[in-house]
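The primary structure of each chain is shown beneath.
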Amino acid sequence: MVMSLRVSELQVLLGYAGRNKHGRKHELLTKALHLLKAGCSPAVQMKIKELYRRRFPIKMVSPAELALPSVHSAASSLPAGLTQLGFDGHGAPSPLLPISLLGPKHELGLPHLPAALHPVHPDVKLQRLPFYDVLDELIKPTSLASDNSQRFQETCFAFALTPQQVQQISSSMDISGTKCDFTVQVQLRFCLSETSCPQEDHFPHNLCAKVNGKACNLPGFLPPTKNGVDQKRPSRPINITSLVRLSTTVPNTVVVSWTSEIGRSYSMAVYLVKQQSSSVLLQRLRSKGIRNPDHSRALIKEKLTADPDSEIATTSLRVSLLCPLGKMRLMIPCRALTCSHLQCFDATLYIQMNEKKPTWVCPVCDKKAPYEHLIIDGLFMEILNSCMDCDEIQFKEDGTWAPMRSKKEVQEVSASYNSLEGECRPAAQEQMNHSSSSNSKKVEVIDLTLDSSSEDEEEDEPPAKMSCPSLSPTSPQVTKGVLNLHTQASPVTRTPSMPPVDTSYIPPPPPLIQDYRHYYPTPNDLSDLNFFSFLQGENQVRARMTAF
């Protein structure tokens, strides 16, 4: 047994025995043989047998060896090749019985083992995968039975390929760049040991699978839905084709380790399958035929039938002709038989999306819509062929339908309405300006830009009177008064430019300012100046501001 071990197995053995496990294969083999000749412990002997069973999981044992443990021990001392060729301990050929060593419980004393708690091959069926056609069953669903009370369990399986299966896998190889894919694949699947219905893929906790000593790539964990909930892997098979030996003489071993759960058991199976594309599945869906439109009409009448116990009655149903997945017009309208709604989705896009990420969930009601339940709606096919410029329809109580206004028509109507409104707006504005100009004489204008404090001051004080600098008793010198008059900020300079206003309706200045020139002496330098023209101009400016 030690001579048939490989480097990795020799390192495990030496490490288990506490010896140095570094070096080349002949060095490791020499150390293991010295360990065996020096008299190793029973635990080390059990480890050697365990490693040997993993190396050669299928062992051909005769019925005589099953009945006589001494004969079996003698046969076990023979080389593995002689044992598999069918020679017993006395060197004579004997009928052989293949036994799969499924774990540590399959020791040499097989007749003395207790009966298993779980059936080895339960009547478990896995769900059919739409994108994979099963060609052969390499290992039928087998229970992952725990052989002891320990939490961590480990089981070993084995299978062999026939020449035809090897040819199928080899001929389906597709090398693109650095990646090698196979159309015919070897799949490893796990599920719960339930016989009530076909089971979907379900992985045990802390699963670790090795094929021929190499670890398998398991699907990544899904994000947890709640805090504190154990992470779950997606329900998908494991492709182990690249780890399988494409040989008819050397068997393939699968070592599975997991964490046992109370009240729950799992099963494992290996299949030879052929992968299909989305176009093939779409062709198969079309070959099933189109469902009779009368089925959809009956569903419409059922939904729109008035319920005598309800105060609310539905008289029509609006359905979109756009796919809820791609927001484009339907090409092949389909829905699941289990769905109760009329809205369809595009079959091509739905199958392509599930090819990338197989969820098979209806995009309308979020319920399961598996491929085998999909149907092509004949009523929607008629609607799509007869109504080309409409994106939405309305079903009536008698099962008939009518197109709704399309988006293009709504845009055209809104555009024409905007243009009409744009033409009417200048005329209305002109009419409003005309009416405002005709009524400007009767309307009192209030300046809302002034704050309340300035309005209060204006109410307390009388209207400002323009006083002449030369007439004021406190006026400064003449030259300063003239300069102040020209440099004073005038409202005329602050008013913006405005069109000329007809002054025919402006009343004459109020007789508030009288001629006081005969009361006050006027200097000779200012005698030629006409100050009343300034006052009249100021009043005219105020009148213009009021009209504006």
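What you are looking at is a predicted structure, and each value in this text was computed from that prediction instead of being measured. What you see as residue numbers is a count from 1 along each chain, following the sequence as written. Given that this is a predicted model, residues contribute local features only at a pLDDT of at least 70 and side-chain atom pairs are listed and counted only at 80 or more, while totals for whole chains, interfaces and linings are drawn from all residues. Heavy atoms throughout the structure, all of them, feed into the side-chain values; hydrogens and water do not.

Student: Got a minute to help me understand the overall build of the protein chain in this structure?
Tutor: Numbering of helices and strands starts at the N terminus; helices are DSSP runs of H or I of at least 4 residues and strands are runs of E of at least 2. Regarding its fold elements, the protein chain presents 16 helices and 19 strands. Throughout this description, buried means an accessible area under 20% of the type-specific maximum (1.4 Å probe, protein chains only), exposed means over 50%, and partly exposed covers the range between. For the protein chain, buried positions account for 29% of its 548 residues. Long-range contacts, defined as pairs at least 24 residues apart, comprise 68% of the intrachain contacts of the protein chain with a sequence gap of at least 6. What sets the accessible areas is the Shrake-Rupley method with a 1.4 Å probe; for residues, cover comes only from the shown protein chains. With an accessible surface of roughly 35700 Å², the protein chain has 55% of that area assigned to carbon and sulfur atoms. Should any heavy atoms of two residues lie within 4.5 Å, those residues are counted as being in contact.

Student: How should unusual backbone geometry be read in this particular structure?
Tutor: Although it is not a glycine, Asn206 sits at a positive phi angle of roughly 55°. By relative accessible area, which is 52% here, Asn206 ends up exposed. With phi around 60°, Asp366 is a residue other than glycine that occupies positive phi space. Within the secondary structure, Asp366 sits in the loop between helix H10 (347–356) and strand E17 (374–377).

Student: Where do I start with H10 in this structure?
Tutor: Since the α-helix turns once every 3.6 residues, residues separated by three or four places project in the same direction. Every buried residue of H10 is listed here: Ala347, Tyr350, Ile351 and Asn354. What you see down the axis of H10 is that its buried residues fit within an arc of 95°, all on one side. Against the buried residues of H10 lie helix H8 (278–287), strand E15 (333–336), strand E16 (345–346) and E17. The opening residue of H10 is Asp346, an N-cap whose side-chain oxygen sits 3.3 Å from the backbone nitrogen of Thr348. Picture the helix axis, draw a direction to every C-beta atom, and the arc is the one those directions span. Pairs of N or O atoms within 3.5 Å make up the polar contacts considered here, provided that, within protein, one atom can donate a hydrogen while the other can accept it, and that residues adjacent in sequence are counted only when both atoms are side-chain atoms.

Student: Would you explain the pairing of strand E18 (residues 392–395) in this entry?
Tutor: Remark: a regular strand shows side chains that alternate across the two faces of the sheet. Of the two faces of E18, the one holding Ile393 and Phe395 is buried and the one holding Glu392 and Gln394 is not buried anywhere. At least two bridges found by DSSP between two strands are what make those strands a pair. In terms of strand pairing, E18 meets strand E19 (residues 401–403) through three bridges, oriented antiparallel. Within E19, the residue paired with Ile393 across the bridge is Pro403. A loop of five residues connects E18 with E19, the two strands running antiparallel in sequence, and Gly399 in this loop sits at a positive phi of about 95°.

Student: Before we go on, may I ask you to explain the side chain of Asp346 in this structure?
Tutor: Within the element layout of this structure, Asp346 appears in strand E16. Charge assignment: positive for Lys and Arg, negative for Asp and Glu; neither His nor the chain ends contribute. Whenever Lys or Arg places a side-chain nitrogen within 4 Å of a carboxyl oxygen from Asp or Glu, that contact is recorded as a salt bridge. There is no salt bridge for the buried Asp346, and the closest opposite charge comes from Arg286, which lies 8.1 Å off by N-O distance. At a separation of 3.0 Å, a polar atom in the side chain of Asp346 contacts the main-chain amide nitrogen of Ile332. A distance of 3.3 Å separates a polar side-chain atom of Asp346 from the backbone nitrogen of Thr348. Apart from residues lying up to four places away in sequence, Asp346 is in contact with Cys323, Leu330, Met331, Ile332 and Cys334.

Student: Just to check I follow, could you spell out the sheet that holds strand E12 (residues 266–275) for this structure?
Tutor: Each strand in a sheet pairs with another by means of backbone hydrogen bonds, the pair being arranged parallel or else antiparallel. Pairing is antiparallel across the open sheet formed by four strands, whose spatial order is E3-E12-E7-E10. With partners counted over all chains shown, the strands left at the sheet margins are strand E3 (132–143) and strand E10 (238–239), one partner each. As judged from the nine bridges shared by strand E7 (residues 184–192) and E12, these two strands associate in the antiparallel manner. Within E12, the residue paired with Val186 across the bridge is Leu272.

Student: Got a minute to help me understand the confidence of the model for the protein chain in this structure?
Tutor: Any residue range with low pLDDT should be treated as having predicted coordinates unsuitable for detailed reading. This prediction gives the protein chain a mean pLDDT of 74; 60% of its residues lie at or above 70. Across the chain, each position has a pLDDT score giving the predictor's confidence in that residue, from 0 to 100. The low-confidence segment residues 59–117, where pLDDT is below 50, has 74 contacts with residues more than four positions distant or belonging to other chains. Low confidence marks residues 468–493, where pLDDT is under 50. Its contacts with residues over four positions away, or in another chain, come to 15 contacts.

Student: Sorry, what's going on with the layout of surface pockets here?
Tutor: A water-sized probe rolled over the atoms picks out the places where empty space is left. Buriedness of a pocket was judged along seven lines, with at least five required to meet protein on both sides within 12 Å; pockets are open sets of points on a 1 Å grid over the protein atoms alone, cavities are sets where a 1.4 Å probe fits but cannot get out, and lining residues have an atom within 4 Å of a point. Grid points are joined across faces, edges and corners, and a volume is the space filled by probe spheres set on the points. Roughly 1200 Å³ of internal volume is contained in the second largest pocket. Along the walls of the second largest pocket sit 36 residues, with Leu129, Ser235, Arg236, Pro237 and Pro358 positioned nearest its centre. At three residues, the largest contribution of residues to the lining of the second largest pocket is made by H10. In this classification, Asp, Glu, Lys and Arg are treated as charged, Ala, Val, Leu, Ile, Met, Phe, Trp, Tyr, Cys and Pro as nonpolar, and every other residue, Gly included, as polar. Its residues placed into classes, the lining of the second largest pocket shows 15 nonpolar, ten polar and eleven charged.

Student: Just checking my understanding: could you explain the packing of aromatic side chains for this structure?
Tutor: When we look at a pair of aromatic rings, we describe it by the centre distance and by the angle of the planes. In summary, the pairing rule links any two rings of Phe, Tyr or Trp, Trp by its six-membered ring, whose centres are within 6.5 Å, and it sorts them by plane angle into stacked for under 30 degrees, edge-to-face for over 60 and tilted for everything else. Tallying each qualifying case throughout the model produces six aromatic pairs. On the numbers, 6.2 Å between centres and 65° between planes, the contact of Phe380 with Phe395 is edge-to-face. Placement of the pair is Phe380 in helix H11 (residues 378–386) and Phe395 in strand E18, with a sequence separation of 15 residues. A residue is classified by how much of its surface remains accessible, and Phe380, at 0% relative accessible area, is buried. Looking at Phe395, the relative accessible area reads 0%, which means it is buried. Note on criteria: charge over ring means Lys NZ or Arg CZ within 6 Å of the ring centre, with the direction from the centre no more than 35 degrees off the ring normal. Positioned over the ring face of Phe221 is Arg233, at 4.0 Å from the centre of the ring.

Student: When you look at the sheet that holds strand E4 (residues 152–159) in this model, what are you seeing that I'm missing?
Tutor: Pairing in this open sheet of four strands is antiparallel, and the strands run E4-E11-E8-E9 from one edge to the other. The open sheet has two edge strands with one neighbour each: E4 and strand E9 (214–215). With eight bridges joining them, E4 and strand E11 (residues 252–259) adopt antiparallel strand pairing. The residue bridging Phe157 from the neighbouring strand is Val254, located in E11.

Student: Just to check I follow, could you spell out helix H9 (residues 293–304) for this structure?
Tutor: Given a rise of 1.5 Å per residue, twelve residues ought to cover 16 Å, and the 17 Å separating the end C-alpha atoms of H9 matches this to within 8%. For H9, the complete set of buried residues consists of Pro293, Ser296, Ile300 and Leu304. Along the axis of H9, the buried positions cluster into a sector of 65°, meaning they face one direction only. Elements in contact with the buried residues of H9: strand E13 (290–291), strand E14 (317–320), E15, E17, H11 and E18. In this structure Asn292 caps H9, since a side-chain oxygen of it lies 3.0 Å from the backbone nitrogen of Asp294. Take the number of residues in a helix, subtract one, and multiply by 1.5 Å to get its expected span.

Student: Please explain the packing of H9 against H11 as it appears in this structure.
Tutor: In helix packing, the relevant descriptors are the interaxial angle and the interaxial distance, both defined with respect to the helix axes. Closest axis-to-axis distance for the H9/H11 pair is 6 Å, and the angle between their directions is 100°. Taken together, the axes of H9 and H11 are roughly perpendicular relative to one another. Between H9 and H11, the contacting residues are Pro293, Ser296, Arg297 and Ile300 on the first element and Gly378, Leu379 and Glu382 on the second. In the contact of H9 with H11, the residues fall into three nonpolar, two polar and two charged. To get an axis, fit a line to the C-alpha atoms, keeping to the stretch in contact for a helix; angles then go from 0 to 180 degrees between the N-to-C directions. By the definition adopted for this analysis, an angle is roughly parallel if under 35 degrees, roughly antiparallel if over 145, roughly perpendicular if from 65 to 115, and oblique otherwise.

Student: Is there a simple way to think about the environment of Pro234 in this case?
Tutor: Of note, Pro234 is situated in the loop between E9 and E10. Taking the relative accessible area as the measure of exposure, Pro234 reaches 12% and is therefore buried. Considered as a pair, Pro234 and Pro358 are 124 residues apart in the sequence and their alpha carbons are 9.4 Å apart. The residues contacting Pro234, other than those within four sequence positions of it, are Phe203, Pro219, Gly220 and Leu222.

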